[in-house]
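Chain by chain, the residues run as shown.
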Amino acid sequence: MKNITIFLAILIFIPIVLSIECALRASSCNSGEFCLFSRYQENNSHVGNCSAYSFLTCCSDPYLKKVEIKSYCGIGENGTIAMFNYTNAHAEIYDANNYVYKVCVSCPWICTLRNNCLSGEYAIASLNATTNSHVASPGYYGNQVCCKRENISPSYSNLGQNSSSVEWGGAVKLYAYWQDNGNLSYAILSTNETGAWENKSVYNSPININANSGWSNFTWQNSSVYGGVTVAWKIYANDSCGNWRETSVNTFTINQIISYQISPKLSEGIFFTSLNGSKYNLQENININSWNNATWNYNHTPQPGDKKTLYWLYNSGNTPQDFCLKANTNLLCSTGGCIGNYISANSIAWQNSTTNSETEPSFDTTKRLSTSYVKIAQNVLPNQYVYFRFWLFGETYKPSGVYNTTFTIKNVLVGQSC
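It should be emphasised that the depicted structure is a prediction, and the values quoted were computed from it without experimental measurement.

About the thresholds
Residues numbered from 1 in each chain as written. Predicted model: local features only at pLDDT ≥ 70, side-chain atom pairs only at ≥ 80, totals over all residues. Heavy atoms only, no water. Helix = DSSP H or I, 4+ residues; strand = E, 2+ residues; numbered from the N terminus. Rg over C-alpha atoms; globule rule 2.2 N^0.38 Å. Contact = heavy atoms within 4.5 Å. Pairing = 2+ DSSP bridges. Disulfide = S-S within 2.5 Å. Salt bridge = Lys/Arg side-chain N within 4 Å of Asp/Glu carboxyl O. Buried < 20%, exposed > 50% of the residue type's maximum accessible area, 1.4 Å probe, protein only. pLDDT = per-residue confidence, 0-100. Polar contact = N/O pair within 3.5 Å; in protein donor to acceptor, adjacent residues only side chain to side chain. Phe/Tyr/Trp six-rings, centres within 6.5 Å; stacked < 30°, edge-to-face > 60°.

Caption draft 1: Examining the overall build of the protein chain more closely. Across its full length, the protein chain holds two helices and 32 strands. Over its C-alpha atoms the protein chain spans a radius of gyration of 39 Å, topping by over 25% the 22 Å that the globule rule assigns to 418 residues. Along the first, second and third principal axes, the C-alpha set of the protein chain runs to 125 × 40 × 35 Å. A separation threshold of at least 6 residues defines the contact pool for the protein chain, and within that pool the share at least 24 residues apart is 68%.

Written out as structure tokens, the structure reads:
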């Protein structure tokens, strides 16, 4: 049994890194912006919810989906500032924990009170004190409310599969457990079963998690992947702030079955006959110095028949195969006045086709048999038939009699020698 490994390609997720941006708007925010809080004047102001005053602090972030004022921020959220009340309120930084009206954003922002914001942080406002404070635009007071999008990627554990090998057409479970300091969004299964890495939209992928921890469970099952193939897989997961993590690569193998079936008429043998005999599937004396048909090249029974060949091989395995054929000896005279004479195996011609009709396989005498193996079909797929016709050239000056030999059929993996 031979494993066929698909080589890996690299797939890289490039996250969106657009920063937080805020502006003071009159009465309403622009499309794509969310209002965090309002104030009655630009600087040295009390604050309230977004319906309290006309000066709105409007912010945008590709991952910001919701802003709420509530007593605590939930999973997948974090606070910016906290207010003493819904309106006419003093404020403080979120984690000072003196006020209960907390401005929560859905993609966790990490907000810190600093004299100057660090690289990667964005000032959404300024405070004149650490608590019980008036609010102003950034830079007006010395305490800047510096925020940045949470940038910690999810973590995973318990990465695994329920089997390292699977029967052709069978299923294998692929899974990982995820955790995040915010809110997990979804997980995607990626495999290289087609020869290149692809994020799958089947096998229950992608799967929504929508919690700060949870399982990503996928059921892989694909009968179009042949036996002997080793499938590599990994899982990607992201959180509500667009942070991605990918797992390490695992593999499983499709168990290989190498088998074939031979048509009943081919297993009986190849009997050559005249043109008339081929019309009625009768074995008659061949014509000398001309090409003669095999008896079942063109099936005429019952008359008029379908004119299809009854010689075929069938790939009953689960992996592509090549078929080989050889005459074990030249055709030796066994009966009559020809004892001691032979007709060369090279006088037998063949043609194949994956379609079967009166004209396919077509007449062709360029492909010849030998007493060594000859590949008579290549890359025959699972559940595929390949059809054959055979012809014999009646060699001149050969005495009359019965000439015969035996032949051997062999199947090998695609590309292997016979």
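There is more to say after this.
Caption draft 2: Molecular detail of the sheet that holds strand β10 (residues 109-114). If you walk across this open sheet you meet the four strands as β10-β13-β11-β12, and the pairing is antiparallel. A strand with exactly one partner marks an edge of an open sheet, and here the two such strands are β10 and β12 (135-136). As judged from the five bridges shared by strand β11 (residues 122-127) and strand β13 (residues 143-149), these two strands associate in the antiparallel manner. Bridged to S126 within β13 is Q144.

Caption draft 3: Highlighting the state of the cysteines. Counted according to the given criterion, the structure contains nine disulfides. Each disulfide pairs two cysteine sulfurs, and for C29 the partner residue is C58, the sulfurs being separated by 2.0 Å. An S-S torsion of about -80 degrees defines the bridge between C29 and C58 as left-handed. You can see C29 sitting in the loop between β2 (21-26) and β3 (34-39) and its partner C58 sitting in strand β5 (residues 55-60), a full 29 residues away along the chain.

Caption draft 4: Region of interest: the sheet that holds strand β31 (residues 401-404). The three strands are arranged β27-β26-β31 in an open sheet whose pairing can be described as antiparallel. Whereas interior strands pair on both sides, the edge strands pair on one side only; in this sheet they are β27 (342-343) and β31. As defined by bridge partners, strand β26 (residues 331-336) adjoins β27 across two bridges and the pair is classed as antiparallel. Pairing of L332 across the sheet is with Y342, part of β27.

Caption draft 5: Focus on the pattern of salt bridges. Taken as a whole, this structure holds eleven salt bridges when the rule is applied. Ionic pairing is found between E198 and K200, a salt bridge with its closest N-O pair at 3.1 Å. Residue E198 is classed as partly exposed on the basis of its relative accessible area, which comes to 33%. Several salt bridges converge on common partners, so that one network encompasses K66, E68, K70 and E77.

Caption draft 6: Examining the confidence of the model for the protein chain more closely. Summing up the model confidence of the protein chain, the mean pLDDT is 92 and the portion of residues at 70 or higher is 96%. Low pLDDT, under 50, characterises residues 1-17; the stretch is placed with 40 contacts to residues that sit more than four places away or in other chains.

Caption draft 7: Representation of the pairing of strand β28 (residues 348-353) within the structure. The buried fraction of β28 is high, at five of six residues. Pairing of β28 with strand β30 (residues 385-393) involves six bridges; the strand directions are antiparallel. If you follow N352 over to β30, its bridge partner there is F388.

Caption draft 8: Structural detail: the side chain of T253. Note that T253 resides in strand β21 (residues 250-254). Note on T253: relative accessible area 16%, which makes it buried. Engagement of the side chain of T253 in a polar contact is seen with the side chain of T230, the distance being 3.1 Å.

Caption draft 9: Examining the packing of aromatic side chains more closely. Summed over all chains, the structure comprises 18 aromatic pairs. Residues Y156 and W178 carry aromatic rings whose centres are separated by 5.5 Å and whose planes lie at 55 degrees to one another, so their mutual orientation is tilted. Here W178 lies in strand β16 (residues 172-191) and Y156 lies in strand β14 (residues 155-161), a separation of 22 residues in the sequence. Given a relative accessible area of 0%, W178 falls into the buried group. Judged by centre distance (5.4 Å) and plane angle (65 degrees), the ring pair of Y260 and F323 falls under edge-to-face. With Y260 in strand β22 (residues 260-262) and F323 in strand β25 (residues 321-327), the pair connects residues that are 63 residues apart, well separated along the chain. The exposure class assigned to Y260 is partly exposed, which follows from its relative accessible area of 28%.

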